[in-house]
Structures are given as C-alpha cells and as structure tokens.
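# Survey of secondary and tertiary structure
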Amino acid sequence: MAVEGGVYRSWGRYPAVGNQRIFRLHDRFAALSISTEVQRVLPYGHGRSYGDVCLNDGGGLLHTRGLDRFIAFDVVTGVLRCEAGVLLAEILDLVVPRGWFLPVTPGTRFVTVGGALANDVHGKNHHLVGTFGCHVRRFELLRSDGERFECSPHESADWFGATIGGLGLTGLVTWVELQLRRIANPWIAGEVVRFHSLEEFAELSRAADGDYEYTVSWIDCAAAVGRGLFMCGNHAPALSAERPQVSHKKLRVPFTPPVSLISGLTLRAFNALYYRKQLAERTTAITHYEPFFYPLDGLLEWNRIYGPRGFLQYQCVVPVEGGLDLLHEVLGQIAASGSGSVLAVLKQFGDIPSPGWLSFPRSGFTLALDFPNYGERTLQLLERLDVIVRTGGGRLYPAKDARMAGDFFRQSYTDWERFSAYVDPQFSSDFWRRVME
Amino acid sequence: MRKVLIIGATSAIAEATARRFAAEGDALYLIGRRTERLEAIATDLKVRGAHAIACEAMDVNDVAAHSAAIDRAQAALGGLDTVLIAHGTLSDQAACQHSVTQTLAEISTNGLSVVALLTELAERFEDQGHGTLAVISSVAGDRGRQSNYVYGCAKAMVSTFTSGLRQRLSKRGVHVLTIKPGFVDTPMTAAFPKGPLWAQPDAIAAGIVDAIRKQRSVVYLPRFWRLIMWIVRAVPEPLFRRASL
Ligand SMILES: Cc1cc2nc3c(=O)[nH]c(=O)nc-3n(C[C@H](O)[C@H](O)[C@H](O)COP(=O)(O)OP(=O)(O)OC[C@H]3O[C@@H](n4cnc5c(N)ncnc54)[C@H](O)[C@@H]3O)c2cc1C
Ligand SMILES: NC(=O)c1ccc[n+]([C@@H]2O[C@H](COP(=O)([O-])OP(=O)(O)OC[C@H]3O[C@@H](n4cnc5c(N)ncnc54)[C@H](OP(=O)(O)O)[C@@H]3O)[C@@H](O)[C@H]2O)c1
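What counts and how
Residues numbered from 1 in each chain as written. Chains lettered and ligands numbered in written order. Predicted model: local features only at pLDDT ≥ 70, side-chain atom pairs only at ≥ 80, totals over all residues. Heavy atoms only, no water. UniProt positions renumbered as here; feature names shortened; annotations may be inferred. Helix = DSSP H or I, 4+ residues; strand = E, 2+ residues; numbered from the N terminus. Rg over C-alpha atoms; globule rule 2.2 N^0.38 Å. Buried < 20%, exposed > 50% of the residue type's maximum accessible area, 1.4 Å probe, protein only. Contact = heavy atoms within 4.5 Å. Near = heavy atom within 4 Å. Polar contact = N/O pair within 3.5 Å; in protein donor to acceptor, adjacent residues only side chain to side chain. Nonpolar A, V, L, I, M, F, W, Y, C, P; charged D, E, K, R; others polar. Salt bridge = Lys/Arg side-chain N within 4 Å of Asp/Glu carboxyl O. Buried area = accessible area lost by both parts, 1.4 Å probe. Areas by Shrake-Rupley, 256 points an atom, 1.4 Å probe, with all protein chains shown as cover. Core = buried A, V, L, I, M, F, W, Y, C linked by side-chain atoms within 4.5 Å.

If you check an unreviewed UniProt entry, chain B appears there as Short-subunit dehydrogenase from Plasticicumulans acidivorans. The record held by UniProt for chain B lists under Sequence similarities (unreviewed entry) the comment "Belongs to the short-chain dehydrogenases/reductases (SDR) family."

As annotated in an unreviewed UniProt entry, chain A carries the name FAD/FMN-containing dehydrogenase and is attributed to Plasticicumulans acidivorans.

Shown next, in the form of structure tokens:
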C-alpha cells in the first residue's frame, strides 16, 4: 500500500512527505467539511501516482477509498456509474463475467476511478481509443463551497475539460459514469516480437497500429541501441479454442529493505535476461487479461525493492517528427550515466485529442523509465533528459513527476493559465505549488 | 437465496457483510437511520448481485417502531432466514461520566435497543423453527475497563442476552451468533491512531459470513482476540484495578 502506518505516500516513495491531515470520506452526499486548521486539501485515491500530484504537505488529504459504491450498471449498453473511490480492479471483477471491459486501463488495476480521471490515464490502446477521459460520459464535481456540477462534454463542459486531467485541483469528483467496452471472454490473443533498434520499433508500431488494439514495448535501457520487445494483442474472439490456466496467486514484498536492491549490476543482468526471455524472434500466446495488462500487479508492493529512499519515474512524450532522434539521445544519456532503468516502456500515442486541458497524452512517442534515487546524481541525469525533451517540443507526465521545473511545465502545458481559474480556492497539492513557483 | 434483514445497515462492518451476501444473490432488507445513505448502499448491493432489495429508515431507539419494521421486512422478503444486528455508537466515556442522560442514551443504543429487537425477533424465529440471529457485540463487553465501561457494559448486556437466547432457541433449531470484533478501522474509530492490531471491515465481514455458515456460537474477530480477552479476563482484580486500560 501507499498508505503505511497511517503515513500517506505516493508510489515512488519520493518525495518524503511531512505533515498531512487525513480526512476519510464515506458519504458522497456529504459536503466537504474542511476544518480551518488545514489551509488546503487534495483528493487522494489509491496513491499510485509516483510523484507528488497526490501529496499535500502541510495540508489535508481527502482519502476517497471509502466512496466505493456502484450506482448503476447497464449490462446491455455497458454504461457504468460508480463512486470515485472504486478501484478499476473492482470494476473488472464486476463487469468481466458479464462481458464488458474497461475502455482504457493503465498498467495497474489498483487505481481509483477518480484518480484515473484526474490524471486522464492512458493505456496500451491509446492509438485507437485515446485516453480514459475520452470514455467518461459524465461525472459530478463537488466544490469546497458546496456547489455541485454535473459535467459532461455538453453540460458544464468547461468544468469537464478542466477536471479531466485536472490533477485533483478543481474539486472532488464524487462519481463517474463510464462507457465500457464489450468483450467475449477474459482472454487476450497476444504476440511478442523482438526488435533490435528504435527504427525497427517504429516500423513494428506502424504496422501493428490498425491490426492490434493494444501495443506496448519494453526496451533495454542498459544497451543504448534501443533494442527490446514489442508486445501487442487483441481481445480474443468468442470462439477461441484455447483456455489458458490462470494463477491468481500474488506475492508481496514483505518489508522495505534498508538499501535499494536495484543496482547497476542487477539492472544490466535483468535487462539482458529479459531481452532473451524468449528464444524465438516472434511468439504468440493466448493469455488471461491480468498478466497481459498488469504484469506488476502480481507482485504486491513491489515499489519497496527500491529501499527507503524510493525511486523516480520519468515519462515523456515527444513528437513523431524527429522523435526517434530525441529518444536516441535520451537513451544515450541514460546508458552513459550507468544508472539505467529496469522497466523502460515505450509506446506510440495516436492522435485522438484528450478531453482534458492538462491531459498529458498527445500524438508522439512516449517513454517511461524508473530510476533508483541516488540523490543529486539522479536528479542531474533527469535534468539532462529534460533539456532534450524540452528542446524537442515534448513534455512530462505529471502523474509520474516529482521534480520538473515550473517553467518547463508552464511552457509545455499551454492551457495552464486558463486552467488555474478553475482551481478550487481550498485545493492545492505539492505538485501544483512546485510548478507554479 | 437467503432472506436477510440487516439492522444498522449503514455501518461499515454491516455494509462489507452485505456485499458478501449480495455477491451470493441473497435478498436483502436494510434498516438504518439515514435514508440517502441507505439508498446508496441498496443500489450498490443491487449492482453487486443482490436479488431483491428494499430499505427503510428507523432509529433503533424508537422501540415502538420495531415490530412494524420487522413485519415490513418479513413481508417484503417473503420471510426471514438471517438477521444481522450491527448498529452501535462508540460512547464518549469522559462525557458520560458527567451526564446521566448521555450514559443512559449510550446504554439504550448499544444495549437496550438490541435486547428489544431480539425479543421481538426471537418470538418469530421460535415459531418458524429455523434461521440465524447474528448480533455484533464487542470484545469491550468481556470486561469493564475505565476507558470505555459505559459502551462495554451495554455490549456485555448484548453478549449475555444472546448467550441465554442461544440456549433457548437452539432447542427450536434457531442459530444465535454472538460476534465480538476487536479493533476495526471504521468511521466509528476514525479518531484512533491505527496499529497492527487493527482489522479492516471486510476481514470482519468474511468472519461473520463464515460463522453464520458454520453455525458458530461466539466468534472473536479476528480470532486472536479470543486469546487476548482470555488474558484480560484472567487478570486478578487487585492487579486490574491498578492498571489503566
Ligand atoms: C505499476 C503502475 C503502472 C502504471 N501504469 C500507467 C499507465 O500505463 N498509464 C497511465 O496513464 N498511468 C499509469 N500509472 C499511473 C497511475 O495510473 C495514475 O497515477 C493514477 O492516476 C493513480 O490513481 P490513484 O487512484 O492511485 O490516484 P492518486 O495517485 O491517489 O491520485 C492521483 C490524482 O488524482 C486526484 N484524485 C484522486 N481521486 C480524485 C477524486 N475523487 N476527485 C478528484 N481528484 C482525484 C489526486 O488529487 C491526484 O492528483 C501507473 C502506476 C503504477 C503504480
Ligand atoms: N469499529 C470497531 O472497532 C468495533 C469493535 C467492536 C465492535 N464494533 C461494533 O460493530 C458494529 C458496527 O460498527 P462499525 O464499526 O461498523 O461502525 P460504524 O460504521 O460507525 O457503524 C455504526 C452504525 O450504527 C448506526 N447507528 C448508531 N446509532 C443508531 C440509531 N440510534 N439508530 C439506527 N442506527 C444507528 C450508525 O448509523 P448512521 O450511519 O446513521 O450514523 C452506523 O451505521 C457496532 O455494533 C459496533 O459497536 C465495532
């Protein structure tokens, strides 16, 4: 959990947090009674953001997990309405047996609907269906002054645009209505292809775009050339013969080791092994959706392996035009630094516009990396990466950020000024204070 | 499909238990104080698979209303198989010490109202000769402690009453279950700092459903509380008097 011994952290366990007053919400009809002792509050879903968008040092957190009721589910149309603290995992448990699936899912199912909306999360199908927010039909926004807006693309449309991807700053989302996607069964027909360079990746990506609903790549960061595995898949058709065995067993990292278990050595070894995990250049398999979408969810609390200092994620998007050169530069910097990333994930976003003013995804290549926190050395490397991304017209994902400079944010999220007029006067976050400095 | 009546249905423990009933397709009738919250819970349980569901608002201290409410539940469900009584308030011990009114009110909510409901229900279950009456008491009822003996004595009343009722009704094939949770992380205990002894409502719910199925008599939830309370009860009075629990 991101909540340990009553301390609310983010997933990266960095930055360390100070004092936050916790208010646990249970009743979506209740007004927000924000005590005068805390100046500012912020919704907190399941703490799966890596950096500081879900933290509020010196203020209050409105923990939404107690808002976990379903409100309506139409099995015929696949329209689901639920409170904002429901986990995507709980939605899947309910709807998959009835032939429906999430329209968009991030790489973990342990996030709340409200959190998914507020970060306007993306999944492996971005190239075909856009972000999570593209499938939000409506939601209710509760402001600190007690006012409630029912928002959709047609009603209170400005609040709709501000709140999707709005990082929890416009008020509390109490419930969300989603359009689900039909499936015939829980299986995914998947394929894994090895690539040896970024150019090959781009080629595979282009070729697969129309044929595969889901595509994503893992890339070997220790090797600089941009080699990796391209993974793609589709929901299996109704009559697929194979019925794979599924293990729902979960392991847990039982405690936080005193030092990070991720070092240069374990990292290179892991990457080299993973790259060769399959013998053939191309393999196909029918799998259950869980290991396909959520390979990390099988190891609960895996973030502990980085030790008490935590780790930093870095996710950027760069335009397609000239994008490969930028990625080469980024990978070069990382390889040269020797502090490569275990889980480097690469994907090509499509060009469906995101509904949120501050939504991160836009047409281009997106690369996500994580780095053990070695202090100054790590921060300096990330700053070098910023320079590359920034010059190339790219930007960073706030959900994974704990350190980008304010002027970088404001330069790359051009709607921030329009957005800031919609920030609830009683809401704020560590992230927001940092990028507004 | 069981026909289940839940009293105090907005309680976190009751709601978690109701979700387990709903997932099994049971029919549920919910009684609680606040209509809006009851309705939100009822809709949720319906989506989760409850077969039929209705709710009504009642303050458990309105003893005169009990009988008719139970009638309506029985009529709506077409009978009753299982009743879970879950309401409660964690008394403000310090305030009670200065107020007779408040002390008696706490004993009424946590003890007398339960006795009244069970008296009403016992008659009906005795007649029908089957079913389960599951009642949430507390480890706090096992021995009075200076920090919460008002709440504790009301729960002791519930534990003792259900013990006697169990003896009486077991002869008629009716199962009476006394549930004694330890520390549970719910709105009732929001103000307490949480440590390793604390359990989540869903873990308690799992224990309740299991105890109903196995027709257990008295369950401590989680189970290690049986040992803790055995020790607490075993401490000799001269020693206990000097402690400040
Ligand atoms: C293993 C892993 C894989 C991931 N993969 C992806 C991925 O593929 N794609 C992707 O996009 N992201 C991914 N993420 C990031 C994650 O999906 C997002 O950070 C998500 O928003 C976390 O949701 P949460 O419920 O934990 O919210 P939190 O992290 O607790 O909060 C996130 C933001 O939402 C706001 N918020 C929460 N609830 C509400 C509410 N009710 N009303 C208003 N605001 C609210 C908070 O204030 C905060 O700003 C991944 C994270 C992990 C740990
Ligand atoms: N939490 C613990 O640590 C713990 C430990 C041992 C035993 N218990 C027992 O477990 C049971 C459930 O409690 P919980 O922990 O789930 O707490 P909870 O969520 O606070 O539930 C208590 C419920 O009792 C209801 N209630 C109180 N007074 C009432 C009245 N006069 N009429 C009708 N309903 C009334 C409340 O209704 P409203 O929603 O309208 O306020 C609330 O739903 C209680 O009997 C409690 O004593 C709890």
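Time to look at the overall build of chain A. On a plain count of helices and strands, chain A comes out with 12 helices and 22 strands. Relative to the globule expectation of 22 Å for 437 residues, the C-alpha radius of gyration of chain A, 21 Å, shows essentially globular dimensions. Projected onto its principal axes, the C-alpha positions of chain A cover 60 × 55 × 45 Å. Looking at chain A residue by residue over its 437 residues, the buried ones come to 61%. For chain A, restricting intrachain contacts to residue pairs at least 6 apart in sequence, the fraction spanning at least 24 positions comes to 75%.

Now for the site of ligand 1. All names here are of chain A. Lining the immediate environment of ligand 1, one finds 36 residues, of which Pro43, Arg48, Ser49, Thr112 and Tyr397 sit closest. Here an oxygen atom of ligand 1 sits 3.1 Å away from a polar atom, N or O, in the main chain of His46. Thr112 is positioned such that a nitrogen or oxygen atom in its side chain is 2.7 Å from an oxygen atom of ligand 1. The element best represented in the shell around ligand 1 is helix H2 (residues 113-118), accounting for four residues. Grouping the constituent residues of the shell around ligand 1 by class yields 20 nonpolar, 14 polar and two charged.

A separate point is the pattern of salt bridges. Pairing between side chains of opposite charge can happen when their charged atoms approach one another. The full count for this structure, using the stated rule, is 42 salt bridges over all chains. The shortest N-O distance in the salt bridge between Arg65(A) and Glu90(A) comes to 3.2 Å. In this pair, Arg65(A) is assigned in the loop between strand E5 (60-63) and strand E6 (70-74) and Glu90(A) in helix H1 (residues 88-95), connecting sequence segments 25 residues apart. Through salt bridges with shared partners, one network takes in Arg28(A), Asp68(A), Arg69(A), Glu83(A), Glu15(B), Arg19(B), Asp44(B) and Arg48(B).

With that out of the way, let us pick up the interface of chain A and chain B. Counting residues at the interface gives 13 residues for chain A and 14 residues for chain B. Each partner contributes to the roughly 1,200 Å² buried at the junction of chain A and chain B, and carbon and sulfur atoms together form 50% of this total. Looking at the side of chain A facing chain B, the largest losses of area belong to Phe29(A), Arg69(A) and Phe70(A), adding up to 43% of the total buried there. Between the two partners, chain A and chain B, sit four salt bridges. Asp68(A) serves as the salt-bridge partner of Arg19(B), at 2.8 Å between the closest nitrogen and oxygen. At the boundary of chain A with chain B, the tally comes to five residue pairs in polar contact (both at pLDDT 80 or more). For the side of chain A that touches chain B, the leading source of residues is E6(A), giving four residues. For the side of chain A that touches chain B, the per-class residue count stands at six nonpolar, one polar and six charged.

This brings us to the site of ligand 2. All names here are of chain B. Of all residues adjacent to ligand 2, which total 28 residues, the nearest are Thr10, Arg34, Tyr151, Val184 and Thr186. A distance of 3.1 Å separates an oxygen atom of ligand 2 from a polar backbone atom of Ala86. One of the backbone nitrogen or oxygen atoms of Gly182 is found 3.4 Å away from an oxygen atom of ligand 2. Burial of ligand 2 by the protein amounts to 92% of the accessible area it has alone, namely 880 Å². Breaking the shell around ligand 2 down by element, the ones donating at least two residues are helix H1 (12-23) and helix H6 (149-170).

To continue, consider the nonpolar core. Of all hydrophobic cores here, the largest spans 105 residues; its most connected members are Ile91(A), Phe132(A) and Phe139(A). Non-local contacts of Ile91(A), meaning those with residues more than four positions away in its chain, are made with Phe70(A), Leu80(A), Cys82(A), Val86(A), Leu102(A), Val113(A) and Leu178(A). Val4(B), Ala9(B), Ala50(B) and Val209(B) belong to the second-largest nonpolar core, a separate cluster that totals 30 residues.

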